[in-house]
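# Topology and contacts: notes
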Amino acid sequence: MESKPHCLITMGMAGSGKTTFVRKLYSILKVKGFNVYTINLDPAIRKLSFPANLDICDAINFKKLMQEYSLGPNGAIITALNLFATKFHEVIDLISTKTDIHYILIDTPGQIEAFSWSASGTIITDSLASVFPTSMLYVVDTPRCTNPNSFMSNMLYASSIYYKTKLPIMIVFNKTDVEAWEFAHEWMTDFESFMQSIDEISNESYLASMNRSLALVLDEFYNELPAVGLSSFTGFGFDIFVPLLETSKREYMNSYLPELEAKRKAVEEKRVSNNLARMEEDGEDMAPINELLDQLKVNDKK
Ligand SMILES: Nc1nc2c(ncn2[C@@H]2O[C@H](COP(=O)(O)OP(=O)(O)OP(=O)(O)O)[C@@H](O)[C@H]2O)c(=O)[nH]1
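Residues numbered from 1 in each chain as written. Predicted model: local features only at pLDDT ≥ 70, side-chain atom pairs only at ≥ 80, totals over all residues. Heavy atoms only, no water.

## Regarding the overall build of the protein
Let me state the cut-off plainly: We count a stretch as a helix when DSSP gives it H or I for four or more residues in a row; a strand needs E for two or more, and each element gets its number in order from the N terminus. Accessibility here uses a 1.4 Å probe with only protein chains present; expressed as a share of the type maximum, an area under 20% marks a residue as buried, one over 50% as exposed, and anything in between as partly exposed. By the convention used here, residues are in contact when the closest approach between their heavy atoms is within 4.5 Å.
Assigned secondary structure in the protein consists of 13 helices and seven strands. Over its C-alpha atoms, taken along the principal directions, the protein stretches across nearly 75 × 45 × 45 Å. Classification of the 302 residues of the protein by burial places 44% in the buried group. Taking as baseline every contact in the protein between residues at least 6 positions apart, the subset at least 24 positions apart corresponds to 75%.

In structure tokens:
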């Protein structure tokens, strides 16, 4: 697993800069001599700004899908992802045949919930994470995040993606050429500072009070998530971000993979014991099978 390509799934709110970030990361990794495989999973993208090895738009005609099935844009994105997910095992097989890839970069739709909370998003993410070391990259529009309400919405999304997928996640504060990201890091790690900022903008509103409560509950979920500030325009911060990918891959190897293997083993054991129970019920002679199982156990110990 360690030698397999590191899969990076980019997510984030609409307009946070996911596609621009993928393009920049792609070119930086290429300059560093890595082989990168890129996948676009946004069926509604008008013009792809990075070279995609695999593009959902090649498989599904988004406009035709909307017209033929009278779907709105969000419905069509979900339907396109559902259709693509049914064939995703072929994508995995295809990438698995390539032995010289270091990174798989994936761009997802702007409508974040279309991927993060849909069955197809879960199927695609789980399929990738069961074969390749996989990390989530949550891209944040830093200038928009100066508002504590937007900041909290992003933390809510990032934490829920982290706890839903259980995959390592990194928060990428993008567009730092417009707004420095240190305030956001301080809010993430210093609860009091965030509370003070809410008080400064609005003390009374219902939203402010909801965000205070959310911070109280969520603070311990997001304060330790790794975060980095960068600009997908200028390339600032990528020198810090790229080495952190190794840490993220190690987290996958040390925490996600053992859990995945334990789950696989439990499923396998359950299947074997169900099959044995069925054979016993059918009155089959179990002696040769038990003998074979004992032999396998002896070989296992060797
Ligand atoms: N100043 C600045 N603008 C950026 C940066 N990254 C992206 N943008 C701009 O932000 C806007 C949105 O960028 P996209 O890359 O299309 O964002 P996205 O998240 O992929 O968008 P959707 O997929 O439509 O949600 C564009 O106008 C970009 O030029 C950055 O680092 N700095």
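Structure's up, so let's keep going.
## Re a nonpolar patch on the surface
Threshold: Patches here: salt-bridge-free residues with over 30% relative accessible area, like charges joined within 9 Å, nonpolar side chains (Val, Leu, Ile, Met, Phe, Trp, Tyr) joined within 5 Å. In this description, accessible areas are obtained by the Shrake-Rupley approach with a 1.4 Å probe, and a residue is regarded as covered only by the protein chains that are shown. The rule for a salt bridge is simple: a side-chain nitrogen of Lys or Arg has to be within 4 Å of a carboxyl oxygen of Asp or Glu.
Where nonpolar side chains cluster on the molecular surface, the patch consists of Tyr-163, Leu-216, Val-217 and Phe-221 and spans about 400 Å² of accessible area. Ranked by the residues each element gives to the nonpolar patch, the list is headed by helix α11 (residues 206-222), at three residues. Take Tyr-163: it is sitting in helix α8 (residues 148-165). For Tyr-163, a relative accessible area of 41% puts it in the partly exposed group.

## Quick notes on the environment of Asn-53
Test applied: Polar contact criterion, stated in full: a pair of N or O atoms within 3.5 Å, where within protein one must be able to donate a hydrogen and the other to accept it, and residues adjacent in sequence count only if both atoms are side-chain atoms.
Looking at the element boundaries, Asn-53 is found in the loop between β2 (36-40) and β3 (54-55). With 129 residues separating them in the primary sequence, Asn-53 and Glu-182 have C-alpha atoms 35 Å apart. Engagement of the side chain of Asn-53 in a polar contact is seen with the backbone nitrogen of Thr-38, the distance being 2.8 Å.

## Comments concerning the site of the ligand
To keep it simple, the criterion reads: Distances are taken per atom, and a residue is near a molecule or strand as soon as one of its heavy atoms is within 4 Å of it.
Not every one of the 17 residues close to the ligand is listed here, only the nearest: Lys-18, Thr-19, Thr-20, Asp-177 and Ser-232. The separation between an oxygen atom of the ligand and a polar side-chain atom of Lys-18 is 2.8 Å. Taking Ser-232, its main chain carries an N or O atom lying 2.8 Å from an oxygen atom of the ligand. Against a free-state accessible area of 650 Å², the protein chains account for coverage of 70% of the ligand.

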